[in-house]
Amino acid sequence: MPQTTSIPTDAEIAAILAEHKHREGPLLPMLHALQAEFGYIPTAAIARIAHLLNMTKAEVHGVVSFYHDFRERPAGHHVVKICRAEACQAVGGDALAEETLAKLGLDWHATTPNGALTVEPVYCLGMCACGPAAMVDDKVVGRLDAARMARILTEAGA
Amino acid sequence: MKLYIPMDSAAKALGADDVAEAVRREAEARDLDVTIIRTGTRGMIWLEPLVEIDRGNGREAFGPVTPKDVTALLDGTLDGHGPVENIPFFARQTRLTFARCGVIDPLDLADYEKHGGLAGLRRAIDLSSAEIVAEVTDSGLRGRGGAGFPTGIKWKTVMEAEAPQKYIVCNADEGDSGTFADRMIMEGDPFTLIEGMVIAGLGVGATKGYVYLRSEYPDAIAVMNEAIRIARAKGALGEDILGSNRSFDMEVRVGAGAYVCGEETSLLNSLEGKRGVVRAKPPLPALEGFLGRPTVVNNVISLATIPVIFERGAQLYADFGMGRSRGTVTLQIAGNVARGGLFETAFGITLGEVVNDLGGGTRSGQPVKAVQVGGPLGAYIPVANFDAPLGYEELDAKGGLLGHAGLTVFDDSVDMLKMARFAMEFCAVESCGKCTPCRIGSVRGVETIDRIARGDADAIPLLTDLCETMTDGSLCALGGFTPFPVMSALNHFPDDFATQKEAAE
Ligand SMILES: Cc1cc2nc3c(=O)[nH]c(=O)nc-3n(C[C@H](O)[C@H](O)[C@H](O)COP(=O)(O)O)c2cc1C
Ligand code: SF4
Ligand code: FES
Ligand code: FES
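Residues numbered from 1 in each chain as written. Chains lettered and ligands numbered in written order. Predicted model: local features only at pLDDT ≥ 70, side-chain atom pairs only at ≥ 80, totals over all residues. Heavy atoms only, no water.

Under the annotation held in an unreviewed UniProt entry, chain B carries the name Formate dehydrogenase beta subunit and is attributed to Primorskyibacter flagellatus. As recorded by UniProt, the Sequence similarities (unreviewed entry) comment attached to chain B reads in full: "Belongs to the complex I 51 kDa subunit family." (UniProt positions renumbered as here; feature names shortened; annotations may be inferred.)

By the naming in an unreviewed UniProt entry, chain A goes by Formate dehydrogenase gamma subunit and is assigned to Primorskyibacter flagellatus. You can read under Catalytic activity (unreviewed entry) in the UniProt record for chain A the words "a quinone + NADH + 5 H(+)(in) = a quinol + NAD(+) + 4 H(+)(out)". Under the heading Sequence similarities (unreviewed entry), UniProt records this for chain A: "Belongs to the complex I 24 kDa subunit family."

As structure tokens, this is what we get:
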């Protein structure tokens, strides 16, 4: 699912937070919902959450920054997560990842200059019997090779 | 004619959706009467996409099938594997926990019941709490999440705790590389996990459950959510379960990409909306868990095994296995292996049988060099120790760790120094930050291994010392067990550490 990048309004943020406020342990569901909607956690949301959940802004920020999933600025239009873990390494996943980064001229977590694609590491996608594996937005691909990866990058507009 | 095509995410990652679409189109063009049933996977991942056809006399297997094969598949001219149950990898298994996985439509509750589902719950409803807990204890079931703690004892602690609210939390964080059993059962037979959690709730007196499911598994999240909705709508979850006057409800909570959140106390913090920092024990989560209330935290496979124990009896389950490892182990054969997948069998099979006989050696055709057993915190075991039987104590005696029972195979091209470095790097990336030996030690570990790689032999004893410090000074197994892969690599494959040195000199 491509990420949207419009500037979220206060009302939009408040509506999302209100949906989760009643839950036990509402913070992660709130952060996931914000990121699903906006593609990142808007700065304006931090103060609102802090107020709503009786936390300090620093505490909320501490939670956001702890988890690899949450981003504080928009990613590229598509996100490709390449598995770096052992079972994929055993079938050449590390070489494939290095080649891909080199080809794009990117480091991990970076986005192509045209904003099309962000590349991230991931540690296991549960495809350990059919690696190398990657996840393109929400879609998992297995038994990757250089040709297949090249097609993925082209389709993503990198 | 019925066609069974998996909707498991590994099968989809290998093109199962395209095959299903090609079948649908081809059948329509030929005006054939074809029913396509999307199932979980049978677990023979090297054959995925695996399509089964039932023309009236049993399910015959074909795979891996590509969209191009579909014409021949429907013509009846495609070479296949014969009846699925006769494929040796499948025939040799004892499928208890995974009995329905790959067989039924995962979201068809009636089909689930037809295959033994809900029988365990119906039986549990007629038992007292103490009898439910005793049944689990008698089965000998130990936690499948890694530590192997007896499930019945954990449940008993929670049962005996007094509190206005108790919880069942399912640990579906499955972060270990080389493991996918949790994902497979959640995608292929989600009702069994739901049923297991309901029985746990009845046993300990909890009315609310959470499945903490990692965000890297979007398909499993979708299937579990849908299964919960269906179970609730059909009265197998929620108020007055199956007319019993008892209630239990549950929901999925999505993780956020932190490996350490698989550790149970870190998971509970995360569930509460905090940083996923590990808590010191005591207090045990069984007494002060989610929101400070008594909580059962169990792995997916532990909970998904509960229904079959109640359906078929604790004794039947306990009759499988060896020593103190009772029942079946759901091995996940992964990495560089010819026949990778899920293999459920009684405890006690040896590592060599699994890797060579079942797995068929490496995918590359090169000799096997090492197998990492038990995920990123597990030891690298050399071929010389392939006689090790897979059981908790048995593997421990060989300096190994069964963990979540993932086996990652490497061929002889692997550089064990690089794998040791990766283990330290992973620990550094995923450390929750609470203990210095884990947070800082792992960074030093990477630097020290880089020194060894550059030819500095003096760094080898430093690495050994560092590992000892991490083992002794870490609160949880992330910092405490990272030395297993590192030291096993160093001890069993000294050449990979020495050759580098000579090459550099
Ligand atoms: C760093 C770390 C990661 C862990 N990851 C998982 C995991 O992903 N899934 C799991 O079930 N247990 C995991 N565990 C083990 C849990 O702490 C806990 O023992 C388990 O959930 C208990 O359930 P069980 O008794 O059914 O195995 C992990 C432990 C540590 C130290
Ligand atoms: S060993 Fe590492 S992950 Fe575990 S509690 Fe300590 S710092 Fe956190
Ligand atoms: S190690 Fe890459 S998918 Fe598991
Ligand atoms: S952000 Fe999770 S430990 Fe690094």
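## Some remarks on the overall build of chain B
Helix and strand content of chain B: 22 helices and 16 strands. For 505 residues, the compact-globule estimate of 2.2 N^0.38 gives 23 Å, and the C-alpha radius of gyration of chain B, at 23 Å, lies within 12% of that figure. Dimensions of chain B, computed from the C-alpha atoms along their principal axes, are close to 70 × 60 × 40 Å. Here the contacts in chain B between residues at least 6 apart in sequence split such that 70% fall between residues at least 24 apart. Summed over its atoms, the accessible surface of chain B is roughly 17600 Å², and 50% of this surface lies on carbon and sulfur atoms. Side chains of chain B give 49 positive and 69 negative charges; the mean places of these two sets differ by 3 Å. (Helix = DSSP H or I, 4+ residues; strand = E, 2+ residues; numbered from the N terminus. Rg over C-alpha atoms; globule rule 2.2 N^0.38 Å. Contact = heavy atoms within 4.5 Å. Areas by Shrake-Rupley, 256 points an atom, 1.4 Å probe, with all protein chains shown as cover. Lys, Arg positive; Asp, Glu negative; His and termini not counted. Charge placed at Lys NZ, Arg CZ, Asp CG, Glu CD.)

## Observations regarding the pairing of strand β2 (residues 117–122) of chain A
All names here are of chain A. The element β2 is extensively covered by neighbouring structure, given that six of its six residues are classed as buried. Burial of β2 is two-sided: the residues L117, V119 and P121 facing one way and the residues T118, E120 and V122 facing the other way are all buried. Sheet topology places strand β1 (residues 78–83) next to β2; six bridges connect them, and they run parallel. Bridge pairing in β2 links H78 to L117. (Buried < 20%, exposed > 50% of the residue type's maximum accessible area, 1.4 Å probe, protein only. Pairing = 2+ DSSP bridges.)

## As for the sheet that holds strand β13 (residues 341–346) of chain B
Hydrogen bonds along the backbone pair up the strands of a sheet, which may run parallel or antiparallel. Residues and elements named next belong to chain B. In space, the five strands of this open sheet follow the order β13-β12-β16-β14-β15, with mixed pairing throughout. Looking at which strands have only one partner, the edges of the open sheet turn out to be β13 and β15 (380–382). Pairs of neighbouring strands in the sheet enclose a mean axial angle of 30°, with direction left out of account. In the sheet, strand β12 (residues 328–335) pairs with β13 via six bridges, with the strands oriented antiparallel. In the strand pairing of β13, I333 is matched with G341. Each of β14 (368–373) and β15 is contacted by helix α21 (residues 483–492), which is oriented at about 25° to β15, the strand it contacts most. (Axes fitted to C-alpha atoms, helices over the stretch in contact; angles between N-to-C directions.)

## Here's the deal with the site of ligand 1
Residues and elements named next belong to chain B. Neighbouring residues of ligand 1: 18 residues in total, closest G145, N171, N298, N299 and S302. A distance of 3.1 Å is found between an oxygen atom of ligand 1 and a side-chain nitrogen or oxygen belonging to K154. Side-chain polar atom of N171 to an oxygen atom of ligand 1: 2.9 Å apart, as the coordinates give it. Coverage of ligand 1 by the protein chains reaches 91% of its 610 Å² of free accessible surface. (Near = heavy atom within 4 Å. Polar contact = N/O pair within 3.5 Å; in protein donor to acceptor, adjacent residues only side chain to side chain.)

## Observations regarding the packing of helix α1 (residues 10–20) of chain A against helix α2 (residues 27–38) of chain A
Residue and element names in this part refer to chain A. Put simply, α1 and α2 touch, their axes get as near as 9 Å, and they point 140° apart. Of the possible angle classes, the one that applies to α1 and α2 is oblique. Regarding α1 and α2, the two cross each other, and that crossing is right-handed. Mapping the contact onto sequence places E12, I13, I16, L17 and H20 in α1 and P29, M30, A33, L34, E37 and F38 in α2. Classifying every residue of the contact of α1 with α2 by side-chain character gives eight nonpolar, one polar and two charged. (Parallel < 35°, antiparallel > 145°, perpendicular 65-115°, else oblique. Left-handed = near helix turned anticlockwise from the far one by under 90°. Nonpolar A, V, L, I, M, F, W, Y, C, P; charged D, E, K, R; others polar.)

## Remarks on the interface of chain A and chain B
Listed as interface residues are 40 residues of chain A and, on the opposing side, 64 residues of chain B. Between chain A and chain B, roughly 3900 Å² of surface is buried when both sides are summed, and carbon and sulfur atoms account for 54% of that area. Area buried by chain A at its contact with chain B is led by A:E24, A:F66 and A:E86, which between them contribute 19% of it. Applying the counting criterion to the chain A and chain B interface returns three salt bridges. With a shortest N-O distance of 2.6 Å, B:E251 and A:R23 are connected by a salt bridge. The interface formed by chain A and chain B contains 29 residue pairs in polar contact (both at pLDDT 80 or more). Going through the elements one at a time, α2, α4 (57–66), α5 (86–89) and β4 (139–141) of chain A are the ones with two or more residues in the side of chain A that touches chain B. Its residues assigned to classes, the side of chain A that touches chain B comprises 22 nonpolar, nine polar and nine charged. (Buried area = accessible area lost by both parts, 1.4 Å probe. Salt bridge = Lys/Arg side-chain N within 4 Å of Asp/Glu carboxyl O.)

## Examining the pairing of strand β4 (residues 59–62) of chain B
On any regular strand, side chains alternate: one points to one face of the sheet, the next to the other face. Residue and element names in this part refer to chain B. Note that strand β3 (residues 51–54) and β4 share four bridges and pair antiparallel. Looking at the pairing, E52 lines up with A61 of β4. Count of turn residues in the β3/β4 antiparallel hairpin: four residues, of which G56 carries a positive phi of about 120°. Note that β4 and strand β5 (residues 82–83) share two bridges and pair antiparallel. Considered in β5, the bridge of A61 is made with G82.

## With respect to the pattern of salt bridges
Scanning all chains against the criterion turns up 38 salt bridges over all chains. Residue B:R42 pairs with B:E85 through a salt bridge whose shortest N-O separation is 3.7 Å. Of this pair, B:R42 sits in the loop between β2 (35–39) and β3 while B:E85 sits in the loop between β5 and α4 (88–91), and the two are 43 residues apart along the sequence. Within this structure, A:R23, B:K208, B:E251 and B:R253 form a network of salt bridges that share partners.

## What to know about α4(A)
Every buried residue belonging to α4(A) is among A:V60, A:G62, A:V63, A:V64 and A:F66, and all of these are buried. Residues of α4(A) that are buried make contact with α2 and α3 (43–53) of chain A.

## Topic: the sheet that holds β2(A)
Residues and elements named next belong to chain A. With mixed pairing, four strands are arranged side by side in an open sheet as β2-β1-β3-β4. What marks the edges here is a single partner per strand, and that holds for β2 and β4. In this sheet, adjacent strand axes meet at a mean angle of 25° when their direction is disregarded.

## Remarks on the packing of helix α8 (residues 151–160) of chain B against helix α10 (residues 190–204) of chain B
All names here are of chain B. Their axes nearest at 8 Å, the elements α8 and α10 cross at an angle of 50°. In terms of their interaxial angle, α8 and α10 are classed as oblique. Contacts between α8 and α10 involve W155, V158 and M159 from the first element and I199, A200, G203 and V204 from the second. Partitioned by chemical class, the residues of the contact of α8 with α10 number six nonpolar, one polar and no charged.

## Digging into the UniProt feature "binding site: [2Fe-2S] cluster" (unreviewed entry) in chain A
Residue and element names in this part refer to chain A. Sites flagged by UniProt as "binding site: [2Fe-2S] cluster" (unreviewed entry) map to C83, C88, C124 and C128. In summary, the annotated positions, though distributed over 46 residues, converge in three dimensions, the widest C-alpha pair being only 9.6 Å. Along the polypeptide, C83 turns up in strand β1. Judged by its relative accessible area of 4%, C83 falls in the buried class. With sequence-adjacent residues up to four places away left out, C83 is seen in contact with C88, V122, C124, L125 and A133. Here C124 lies in the loop between β2 and β3 (134–136).

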